[in-house]
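Structural features, examined
Each chain, written out:
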Amino acid sequence: MATARTFGPEREAEPAKEARVLGSELVDTYTVYIIQVTDGSHEWTVKHRYSDFHDLHEKLVAERKIDKNLLPPKKIIGKNSRSLVEKREKDLEVYLQKLLAAFPGVTPRVLAHFLHFHFYEINGITAALAEELFEKGEQLLGAGEVFAIGPLQLYAVTEQLQQGKPTCASGDAKTDLGHILDFTCRLKYLKVSGTEGPFGTSNIQEQLLPFDLSIFKSLHQVEISHCDAKHIRGLVASKPTLATLSVRFSATSMKEVLVPEASEFDEWEPEGTALEGPVTAVIPTWQALTTLDLSHNSISEIDESVKLIPKIEFLDLSHNGLLVVDNLQHLYNLVHLDLSYNKLSSLEGLHTKLGNIKTLNLAGNLLESLSGLHKLYSLVNLDLRDNRIEQMEEVRSIGSLPCLEHVSLLNNPLSIIPDYRTKVLAQFGERASEVCLDDTVTTEKELDTVEVLKAIQKAKEVKSKLSNPEKRGGEDSRLSAAPCIRPSSSPPTVAPASASLPQPILSNQGILGDE
C-alpha cells in the first residue's frame, strides 16, 4: 500500500521517477507493452502498443530535438514473435529511462500524458486541473453547480503549494496554479469523493491521502465521502460561510469533523459561552451551519462537539454505532433528526434533549419500549420500523402526541398481530383519522373498526369499575371530600397535565414538505 509523502514543512527531496516494462500481452493482432511507473512510493501501470511509442517519439523529435535513433526500430515481419517482443521490452524500457533522465525537471507534456502523469503524478495532476479550470472555471462558477474533485487531486494541489515552487514551472500559462487558487477562492459547492481500494491502476490508497481545504474561501456546501477525516485539514476555515456539510464513510467521531483542533487542548469551550473552570482554548462555532450529515460512519457517541453547531436544524447520524442519545440539548434549533440504524435500546428522557423536534427517524435500532417519546409534543413524523416493539401498549406512549401525523411501525413483532393497523390507530383516539400509518392513508372502514374497538374498550373499563366496588367507593369518597367550586355560569375548565411541561406546538406542518 502506498503511503502519502510528508504533509508539512519538513519534506524529503523529490525522488527521481522511473519506468520499467514489466511484460507484454497480445490483444487481437498486436502486442501491448505493460509499463510500471514509479514516483516515490506511488506506482501505477500504463499499457501501450509500439505504435504509441512511435507517435510519442515523433513528437519529441519535433518538439525537443531528441535523437531520432533513440527508439528501437519498427519491425514488420515477425513483429509478434516471442524473441522480438522480449528484446523490444528491454529496448523500450531503456528508451523510457533515457527520456526521464533527459528531462529531470519538467517532463514534456507529451511524455507526461504518455505515462499518465495527469492521473497519478503531483505536477501532472495540478497541471491538468489548472488547464481544465482555465478553460471552464468561469462557466462552472456561473452555473452554480457542485464541483466534484478527488482526494488525490486535492493532495496534489496541497503538495504543490507546500513545495514553494513557481506556480507555472512548465512555462505554459494554461497550467498555472493560479487558475486553481482563483477558482477555489470563489467556489460555493464542493464534492470530494474518494475510492475504496487502490486508485485506478496504481497502489495509491486515495482515501488515506491528506489534503488541505483552506484554499476554499466561500464554501456554502461541502460533501465528503470515502476519505479519512483525521487527514482532512482546513475545513474549519469555512466556518463563516458553510451552511451544509456532509461527511460520510470517513469519520470515527464527531470531533474529528467539527473540532479537529480539540486534540491539542485539555479543556475547550465554544465561543460565546460563560466560562467555568480552567479552559485552555475558546473555539469559534460553525455560525452558518444548519444541515449536518454524518451518516454511514463509525461514530459511537454524540460527543460535546455538538456545542459548536448551535444553529443546526437537520442532523443525520444514521448508520453509525450510537448506543445512547446524548448532548442534543445544546441544539435548540434542531427539528429533523435521523438516528436510524444505530444500536439504541432506550429512549428514556429523550424529551429533555429534543424540545422542538418535528421529524424523528429511529428505524433499525434495538428498541422495545417507546416510553421516552410521550412528551415530544412537536413531533409530526416518526419512523420506528425495524425495531423490537412487541406490545401494543407501547404505542400508547405516542398516541396522545397532538401533532403526530406520520408513523411507521413496519417490521416490528407487533406488526404481525391480527388487525394490527386498526389496533394501532385506536391508540390515537379521536385523532385516528389524522394519522398516516406505514405510509398508508387510513380508510373509512378502518376508522369504523377503530370506533368499535374504542366502544369495546370503554365497556371493559365500565365493567371493571362495577366489578370493583371498593375502588369505586374510594373514588367517590375522594370526590366528595374535595368538591369543585366554580360559578354556576362558568363552563368546566380542564387543568393542564403539568404546569412545568412545555406547551404543545399545534402547527401540523412537517419539515419535509409533502411526504
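Residues numbered from 1 in each chain as written. Predicted model: local features only at pLDDT ≥ 70, side-chain atom pairs only at ≥ 80, totals over all residues. Heavy atoms only, no water.

An unreviewed UniProt entry lists the protein under the name Nischarin, from Papio anubis.

What follows concerns the pattern of salt bridges. Counting across every chain of the model gives 17 salt bridges. Where glutamate 25 meets lysine 47, a salt bridge forms, and the shortest distance between an N and an O atom there is 3.1 Å. Taken together, the residues span a long stretch of sequence, with glutamate 25 in strand 1 (residues 17–27) and lysine 47 in strand 3 (residues 42–49) at a distance of 22 residues. Lysine 47 sits in the partly exposed class, given a relative accessible area of 46%. The salt bridge involving glutamate 304 is made with lysine 255; its shortest N-O contact spans 3.9 Å. One end of the pair, glutamate 304, is in the loop between strand 12 (291–293) and strand 13 (314–316); the other, lysine 255, is in helix 8 (residues 254–258), and 49 residues separate them in sequence. Classification of lysine 255 by relative accessible area gives partly exposed; the value is 31%. Among the charged side chains, a network of salt bridges with common partners joins Arg82, Glu86 and Glu89. (Salt bridge = Lys/Arg side-chain N within 4 Å of Asp/Glu carboxyl O. Helix = DSSP H or I, 4+ residues; strand = E, 2+ residues; numbered from the N terminus. Buried < 20%, exposed > 50% of the residue type's maximum accessible area, 1.4 Å probe, protein only.)

Moving on, we come to the layout of surface pockets. Estimated volume of the second largest pocket: approximately 370 Å³. What lines the second largest pocket is simply Met392, Glu393, Arg396, Lys423, Ala426, Gln427, Leu453, Lys454, Ile456, Gln457, Lys460 and Glu461. Those elements that place two or more of their residues in the lining of the second largest pocket are helix 10 (420–426) and helix 11 (444–466). It is helix 11 that provides the largest number of residues to the lining of the second largest pocket, a total of six residues. Each residue belonging to the lining of the second largest pocket can be placed in one class, and the counts come to four nonpolar, two polar and six charged. (1 Å grid on protein atoms, 1.4 Å probe; cavity = no way out; pocket = protein on both sides within 12 Å on 5 of 7 lines; lining within 4 Å. Points joined across faces, edges and corners; volume = space filled by probe spheres on them. Nonpolar A, V, L, I, M, F, W, Y, C, P; charged D, E, K, R; others polar.)

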